[in-house]
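Coordinates in review
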Amino acid sequence: MTMGEEANKASEEAVAGPGRPEAGIAAEHIPALDPKIQDQLGRVFRSFCDDLVQQPMPDKLLVLLARLEAKQREKK
Amino acid sequence: MSENAFADMMVAEMPYLRAFALSLSGSTTVADDLVQETLVKAWTHTESFALGTNFRAWLVTILRNTYFNQYRKLAREVQDSDNTHAEQILVGGEQESRLTMQDVQRALNKLPEDHREILLMIGVTELSYEEAAQVCNIAVGTVKSRLNRARAKLAEHLGMVDGATDLDLEKNHQNKT
């Protein structure tokens, strides 16, 4: 897929909004986790996710963003 | 939308994008390349973002497609050796588990990719089921069933459930044949 197609697909999907038909696939029944395990997993996974989001941003990504911004301003 | 507004939105979403990239690929190197490429693509296709829709979901779509098209193979090769983001930090309630971020990342790496990505879209980037369904182009029911499976497997890989279920299934299978 080219970059253009990919971005178009992204926007198409973003535009489509909720309410996509279920396409006849019923959610398979999966035995529910024991509530105690579910709680434990929930806590562990939540804190994993929070820690990940709080990781320091590498300089190279901040520099790239600043460069993209500057280029955009030049164009005008 | 002005470029400044776009840049501000991008800065706000970057921690979520990078967190998603880290946990999806299991590699710092791959994650940073992936975020970099996503930033460039998003920046050069600003016109394809539809105002009023979820900006994060749009970025996640670009990142996810880039990963599956270009980086998945590389990630599989490096994820075990290059796991530096997952440090020896304890996660969750300390007294009940001695699990570290590294343990959780290793367990995530063992999940099938189409299950892992759903778990991370919901958990890390906090997309709704509907948004995750749109990003992956699947039905909402499929998102829910993959999420359930991913959770069950993750609990198992983290040693929270004993492996009895798998063994029982194997036994049943052997009895039948």
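For every chain, the first residue of the written sequence is number 1, and numbering continues from 1 along that sequence. Whichever chain is written first becomes A and whichever ligand is written first becomes 1, with later ones labelled in order. Restriction of local features to residues with pLDDT of at least 70 applies here, the model being predicted, together with a cutoff of 80 or more for giving and counting side-chain atom pairs; totals for whole chains, interfaces and linings are based on all residues. Side-chain descriptors were evaluated using all non-hydrogen atoms of the structure, hydrogens and water having been removed beforehand.

Looking at the overall build of chain A
Here is the rule: The secondary structure listing takes helices from DSSP runs of H or I that are at least 4 residues long and strands from runs of E that are at least 2 residues long, numbered from the N terminus. Under the scheme applied here, a residue whose accessible area is under 20% of the maximum for its type counts as buried, over 50% as exposed, and between as partly exposed, the area being computed with a 1.4 Å probe on protein chains only. Note that accessible areas follow from Shrake-Rupley with a 1.4 Å probe, and for residues the cover is restricted to the protein chains shown.
Along the backbone of chain A there are three helices and zero strands. Reading the secondary structure of chain A in the N-to-C direction produces α-α-α. Looking at chain A as a whole, 36% of its 76 residues are labelled buried. Just so you have it, chain A exposes about 5,100 Å², and 56% of that area is on carbon and sulfur atoms.

Things to note about the overall build of chain B
How we decide: We call two residues contacting when some pair of their heavy atoms lies within 4.5 Å.
Across its full length, chain B holds eight helices and zero strands. When the helices and strands of chain B are listed from N to C terminus, the series reads α-α-α-α-α-α-α-α. Classification of the 177 residues of chain B by burial places 56% in the buried group. Of the contacts formed within chain B by residues at least 6 apart in sequence, a portion of 63% connects residues at least 24 apart. Accessible area for chain B stands at about 7,700 Å²; split by element, carbon and sulfur atoms hold 48% of it.

Examining the confidence of the model for chain B
All names here are of chain B. Spelled out, the test is: pLDDT is defined as a per-residue confidence score from the predictor, taking values between 0 and 100.
For chain B, per-residue confidence averages 85 on the pLDDT scale, and residues scoring 70 or more make up 79% of the total. Summarising per-element confidence for chain B, the mean pLDDT is lowest in helix α8 (residues 164-176) (47) and highest in helix α5 (residues 113-123) (97). In the model, residues 164-172 has pLDDT below 50 throughout and makes two contacts with residues more than four positions away in sequence or in other chains. Across the interface, the model reports ipTM at 0.82; the global pTM reads 0.78.

Here we look at the confidence of the model for chain A
All names here are of chain A. On average, residues of chain A score 70 in pLDDT, and 57% of them are at 70 or above. Taking the mean pLDDT of every element in chain A, the minimum, 44, falls on helix α1 (residues 3-16) and the maximum, 92, on helix α2 (residues 35-53). Note that residues 6-28 has pLDDT below 50 and, in this model, 42 contacts with residues that lie over four places away or in other chains.

Focus: the pattern of salt bridges
Put simply, the rule is: Every case where a carboxyl oxygen of Asp or Glu lies within 4 Å of a side-chain nitrogen of Lys or Arg is listed as a salt bridge.
On inspection of all chains with the given rule, the structure shows nine salt bridges over all chains. The shortest N-O distance in the salt bridge between Arg18(B) and Asp32(B) comes to 2.7 Å. Of this pair, Arg18(B) sits in helix α1 (residues 3-25) while Asp32(B) is found in helix α2 (residues 28-44), placing the two residues 14 residues apart along the sequence. Here Arg18(B) falls in the buried class, since its relative accessible area comes to 7%. Residue Arg64(B) is joined to Glu117(B) by a salt bridge in which the shortest nitrogen-to-oxygen separation is 2.8 Å. Here the residue Arg64(B) occupies a position in helix α3 (residues 55-78), and Glu117(B) occupies one in helix α5, the gap between them amounting to 53 residues. One exposure class covers both Arg64(B) and Glu117(B), and it is buried. Shared partners join several salt bridges into a network, and the residues in it are Arg46(A), Asp50(A) and Glu126(B).

Observations concerning the nonpolar core
Spelled out, the test is: We call a set of buried residues a nonpolar core when its members are Ala, Val, Leu, Ile, Met, Phe, Trp, Tyr or Cys and they connect through side-chain atoms within 4.5 Å of each other.
Counting 71 residues, the largest nonpolar core has Phe48(A), Met10(B), Leu108(B) and Leu154(B) as the members making the most contacts within it. With eleven residues, α3(B) is the single largest residue contributor to this core. Apart from the residues within four sequence positions on either side, Met10(B) is in contact with Leu65(A), Leu39(B), Ala42(B), Trp43(B), Phe55(B) and Leu59(B).

Some thoughts on the side chain of Thr38(B)
Residues and elements named next belong to chain B. Considering the arrangement of structural elements, one finds Thr 38 in helix α2. In this structure Thr 38 comes out as buried when scored by relative accessible area, which is 0%. Other than its neighbours up to four places away in sequence, Thr 38 contacts Leu 17, Leu 59, Ile 62 and Leu 63.

Description of helix α7 (residues 140-157) of chain B
So the rule is basically this: Take the number of residues in a helix, subtract one, and multiply by 1.5 Å to get its expected span.
End to end, α7(B) covers 26 Å across 18 residues, agreeing with the expected 26 Å (1.5 Å per residue, within 8%). Next to the buried residues of α7(B) lie α2 of chain A together with α4 (101-109), α5 and α6 (129-136) of chain B. At the exit of α7(B) stands Gly159(B), carrying a positive phi of roughly 75 degrees.

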